[in-house]
Amino acid sequence: YSDTKKRKFPENFLFGAATSAYQVEGGWEDDGKGESIWDRFAHKHPEAIVDGRNGDVASDSYHNWRRDVEMLRELGVDFYRFSISWPRVLPNGFENNINENGFKYYDDLIDELLKHSIQPMVTLYHFDLPQELQDLGGWTNPLSVNWFEEYARIVFKRYAEKVKFWITINQPNTICVEGYGSKAMAPAINSIDSAYECVKNVMLAHAKAYDVYKKEFKKKHEGNVGIAIAVNWYDPITNSTENAEAVEKARAFQLGLYLDPIFSKEGNFPVLVRKIVDKKSQEQGYSTSRLPKLSFQEIQLLKGSADFLGMNHYTTFLVKPSQQKYPSPSFEDDVGVEYSQGEQWTKAKSSWLRSAPYGLYKACIYLNLNYDYPKIIITEHGWSSDPGLRDSSRVDNLRGYFGALLLAMEDATQVVGYTAWSLMDNVEWTAGTSERFGLYEVDFESENKTRKARLSALVLKNIIETREVNLDWKPKNLKIHITKNDKKNNYKAEL
Ligand SMILES: CCCCCCCCCCCCC/C=C/[C@@H](O)[C@@H](N)CO[C@@H]1O[C@H](CO)[C@H](O)[C@H](O)[C@H]1O
């Protein structure tokens with residue numbers, strides 16, 4: 001990707017931008033919305049949110065959705081990935097209590113998008129479980145699979161006519177390992193046993209929803225259903241045997257645990273993960289493994305349960321065997337590795353984020369070789385910065401990763417679309433608004449949460465229009481306008 005060959009995105013390649021409900025909507029208790037686990041967590045632990053700005057108002061997209069669509073039109077994107085807040089539409093999580101007022105928000109948003117030929121790409125679950133379901137155990141309760149199935153069916157029924165791209169669940173690893181296995185994300189359960197229960201249930205919930213769409217909606221509506229998985233790249237810190245073994249474990253626990261059940265030929269959780277957790281569980285005095293088993297039927301249900309892989313890719317980690325003793329039992333102890341990042345890689349605002357475009361290329365090749373060239377949509381990629389409109393570090397990051405992506409596509413990776421995280425600044429979970437991910441800056445102090453295009457927005461627009469990455473291109477100023485784009489009329493929902 002650092003050679004001088006000019007590569008172009010094909011005309012049918014789809015560009016989009018993404019947000020999620022809790023991070024942008026606000027209106028946390030408007031019009032009958034129920035409480036989510038993030039509402040509860042942020043209200044109970046305000047000290048956990050770096051700058052104190054939580055999702056109560058966020059970017060106020062609940063009121064600013066018309067401006068959001070205008071921004072998407074300015075960028076010239078083909079689709080908008082956003083999530084539906086489960087507690088906004090089913091306030092207590094169950095199908096017997098539907099909040100029409102909540103649905104109205106998404107009706108309006110979807111209609112406005114379609115009016116301007118922007119395809120909605122809907123995520124059904126992006127971290128904001130109804131609190132009432134959490135009170136029943138949340139994702140550790142095996143019934144959560146049925147709760148999600150019912151919720152998914154209701155949303156499919158309502159929007160199957162209009163929405164052709166669906167993502168069931170965003171990042172099972174974040175939901176389970178960070179939300180149940182640690183205190184980093186809501187509901188902050190901090191128990192490794194519950195983290196693996198969660199993984200099983202979340203994966204099955206995804207597969208059930210996929211099955212519902214396939215059996216009840218696919219024939220008539222011809223949409224595509226996928227899942228978004230965090231596919232950052234893991235490389236050995238050096239090529240020693242120990243580091244090679246360590247990276248194999250990191251990939252099995254961080255990637256294979258979520259990819260294998262759906263995309264591998266064999267199905268099931270990776271053998272290496274099962275072996276390690278089974279053995280450790282026994283040593284730790286458990287009578288059964290902390291990693292729940294999948295039955296034959298469950299393995300079959302999961303296998304092949306995605307029309308595309310939603311790949312969320314941000315960065316690369318360098319891996320070596322852990323030099324320290326982690327608490328046992330814990331996820332860290334199970335994996336048994338340590339992570340670092342290249343000192344020479346440019347640093348973003350987020351502690352975990354450095355720019356290493358080659359990692360995207362390698363991750364794509366890994367997916368091709370291990371999962372037989374799956375259809376991929378990059379459902380998230382982005383960069384965090386300080387506030388400010390001249391975000392040259394985001395521009396460099398975007399151009400670098402596009403270079404790697406184009407090379408991966410030249411080498412037969414089946415990537416059909418790219419989604420920038422994020423359309424606008426938003427609440428970055430416990431980091432509040434201290435880490436800005438937006439192509440558009442949001443003035444959180446202003447009453448209307450005013451949005452302004454950053455330099456990166458103009459650069460992305462130019463790439464979408466020209467289909468190529470021109471390192472020398474600069475806009476005359478930071479004004480952005482809607483450009484008429486007839487190409488979008490040729491849009492096809494088939495992958
Ligand atoms: C000094 C060396 C630093 C090394 C750090 C090592 C720590 C490694 C442990 C892994 C930590 C995980 C960090 C990765 C996180 C991302 O994959 C994750 N944040 C992506 O989730 C999406 O992120 C978006 C922006 O952060 C957004 O919040 C979105 O909602 C998420 O789906």
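Sequence order sets the numbering: in each chain, residues are counted from 1 along the sequence as written. Only residues with pLDDT of 70 or above have their local features reported here, since the model is predicted, and side-chain atom pairs are shown and tallied only from 80 upward, although totals for entire chains, interfaces and linings are computed over all residues.

### Description of the packing of helix H15 (residues 358-371) against helix H16 (residues 392-410)
Okay, so step 1: Under this scheme, a helix contributes an axis fitted over its contacting stretch, all axes are lines through C-alpha atoms, and angles between N-to-C directions fall in the 0 to 180 degree range. Strands here are runs of E lasting at least two residues and helices are runs of H or I lasting at least four, both read from the DSSP assignment and numbered beginning at the N terminus. Following both chains from N to C, one finds H15 and H16 inclined at 25 degrees, their axes separated by 8 Å at the closest point. Between H15 and H16, the interaxial angle falls into the category roughly parallel. For the crossing formed where H15 meets H16, the hand is right-handed. Residues Tyr 358, Leu 360, Tyr 361, Cys 364 and Ile 365 of H15 form the contact with H16, whose participating residues are Tyr 401, Ala 404, Leu 405, Leu 407 and Ala 408.
Okay, so step 2: All residues other than Ala, Val, Leu, Ile, Met, Phe, Trp, Tyr, Cys, Pro, Asp, Glu, Lys and Arg, Gly among them, are scored as polar; the first ten of these are nonpolar and the last four charged. Looking at the contact of H15 with H16 residue by residue, the class counts come to 10 nonpolar, no polar and no charged. By definition in this entry, angles of less than 35 degrees are roughly parallel, angles greater than 145 are roughly antiparallel, angles of 65 to 115 are roughly perpendicular, and the rest are oblique. Crossing chirality is assigned from the near helix's rotation relative to the far helix, an anticlockwise turn below a right angle marking it left-handed and a clockwise turn marking it right-handed. By the convention adopted here, residues are in contact when the distance between their C-beta atoms, placed from the backbone, does not exceed 7 Å.

### Focus: the site of the ligand
Okay, so step 1: Near, as applied to residues and a molecule or strand, means the residue's backbone-placed C-beta atom lies within 6 Å of it. Taken together, 18 residues are adjacent to the ligand, and Ala 230, Tyr 339, Ser 340, Gln 341 and Trp 352 come closest.
Okay, so step 2: By residue class, the composition of the shell around the ligand is 8 nonpolar, 8 polar and 2 charged.

### So, the sheet that holds strand S10 (residues 375-382)
The strands making up a sheet associate through hydrogen bonds between their backbones, and the pairing can be parallel or antiparallel.
Okay, so step 1: We call two strands paired when DSSP finds no fewer than two bridges between them. Strand order in this closed barrel of 8 strands is S1-S2-S3-S4-S5-S7-S10-S11, and the pairing throughout is parallel. On average, adjacent strands in this sheet sit at an angle of 25 degrees to one another, irrespective of strand direction.
Okay, so step 2: Note: strand S7 (residues 308-312) against S10, 4 bridges, orientation parallel. In the sheet register, Met 311 faces S10, and the bridge partner there is Ile 378.
Okay, so step 3: Set on the sheet, helix H9 (residues 192-216) makes contact with strand S3 (119-125), strand S4 (165-170) and strand S5 (224-230); between it and S4 the angle comes to about 160 degrees.

### What about the pairing of S10?
Okay, so step 1: Buried residues are those with 20 or more other C-beta atoms within 10 Å of their own C-beta, exposed residues have 12 or fewer, and partly exposed residues lie in between; C-beta atoms are placed from the backbone. Counting buried positions over the 8 residues of S10 gives 7, a clear majority of the element.
Okay, so step 2: Note that the unit made of S10, H16 and strand S11 (residues 414-421) has a crossover that is right-handed. Note on handedness: a clockwise path from strand one over the helix to strand two, with the strands aimed away from the viewer, defines a right-handed crossover.

### A short note on helix H17 (residues 455-466)
Okay, so step 1: One less than the number of residues in a helix, times 1.5 Å, gives the span that helix is expected to have. When the terminal C-alpha atoms of H17 are compared, their 17 Å separation across 12 residues agrees well with the 16 Å that a helix rising 1.5 Å per residue should span.
Okay, so step 2: For H17, every residue scored as buried is listed here: Ser 456, Ala 457, Leu 458, Val 459, Leu 460, Lys 461, Ile 463 and Ile 464.
Okay, so step 3: Among the structural elements, strand S1 (14-18), helix H3 (61-75), H16, S11, strand S12 (440-442) and strand S13 (451-453) are those in contact with the buried residues of H17.
Okay, so step 4: Backbone geometry just downstream of H17 places Arg 467 in the positive-phi region, at approximately 65 degrees.

### Examining the sheet that holds strand S8 (residues 316-321)
Okay, so step 1: Spatial strand order, S6-S8-S9: 3 strands in an open sheet with mixed pairing. Only two strands of the sheet have a single partner each, and these edge strands are strand S6 (233-236) and strand S9 (337-340). Geometrically, the sheet is characterised by an average inter-axis angle of 40 degrees between neighbouring strands, direction not taken into account.
Okay, so step 2: As judged from the 4 bridges shared by S6 and S8, these two strands associate in the parallel manner. Looking at the pairing, Asp 235 lines up with Leu 318 of S8.
Okay, so step 3: Relative to S6, helix H11 (residues 241-263) is tilted by about 165 degrees, and along the sheet it contacts S6, S8 and S9.

### Some details on helix H12 (residues 271-283)
Okay, so step 1: Between its first and last C-alpha, H12 extends 18 Å over 13 residues, near the 18 Å set by a 1.5 Å rise per residue.
Okay, so step 2: Within the sequence span of H12, burial applies to Val 273, Ile 276 and Val 277. The arc that holds every buried residue of H12, seen down its axis, measures 90 degrees, which confines them to one face. Turned more than 90 degrees from where H12 packs its buried face, Val 271, Lys 279 and Glu 283 sit exposed.
Okay, so step 3: Of the residues trailing H12, Gly 285 is marked for its positive phi of about 90 degrees. Note that the arc is computed from the directions linking the helix axis to the C-beta atoms.

### Topic: the confidence of the model for the protein chain
Okay, so step 1: Confidence scores here are pLDDT values: one per residue, from the predictor, ranging 0 to 100. In this model, the protein chain carries a mean pLDDT of 97, and residues with pLDDT of at least 70 account for 98%.
Okay, so step 2: Here the predicted complex carries an ipTM of 0.95, next to a pTM of 0.98.

### A word on unusual backbone geometry
Okay, so step 1: Following Ala 186, the chain continues to Pro 187 via a peptide bond in cis, the omega torsion being 5 degrees.
Okay, so step 2: Tracing the chain through its elements places Pro 187 in the loop between helix H8 (172-178) and H9.
Okay, so step 3: Cis rather than trans, the peptide bond between Ser 328 and Pro 329 has omega equal to 0 degrees.
Okay, so step 4: Residue position: Pro 329 is located in the loop between S8 and helix H14 (331-335).
Okay, so step 5: Of note in this structure, Phe 127 is not a glycine but carries a positive phi near 80 degrees.

### A few points about the environment of Phe 148
Okay, so step 1: Among the secondary structure elements, Phe 148 is positioned in helix H7 (residues 144-159).
Okay, so step 2: Taking the number of C-beta atoms within 10 Å as the measure of exposure, Phe 148 has 27 and is therefore buried.
Okay, so step 3: For the pair Phe 148 and Glu 343, spaced 195 residues apart in sequence, the C-alpha to C-alpha distance is 42 Å.
Okay, so step 4: Leave out the neighbours within four places in its chain, and Phe 148 touches Ala 205, Lys 208 and Ala 209.

### A short note on the environment of Phe 9
Okay, so step 1: With respect to the secondary-structure elements, Phe 9 resides in the segment before S1.
Okay, so step 2: When the C-alpha positions of Phe 9 and Glu 47 are compared, they lie 45 Å apart, and in sequence the two are 38 residues distant.

### Digging into the environment of Asp 425
Okay, so step 1: Note that Asp 425 resides in the loop between S11 and S12.
Okay, so step 2: Taking the C-alpha atoms as reference, Asp 425 lies 32 Å from Ser 194; in sequence the two are 231 residues apart.
Okay, so step 3: Apart from the residues lying within four places of it in its own chain, the contact partners of Asp 425 are Ser 59, Thr 433, Arg 436, Phe 437, Gly 438, Glu 441 and Val 442.

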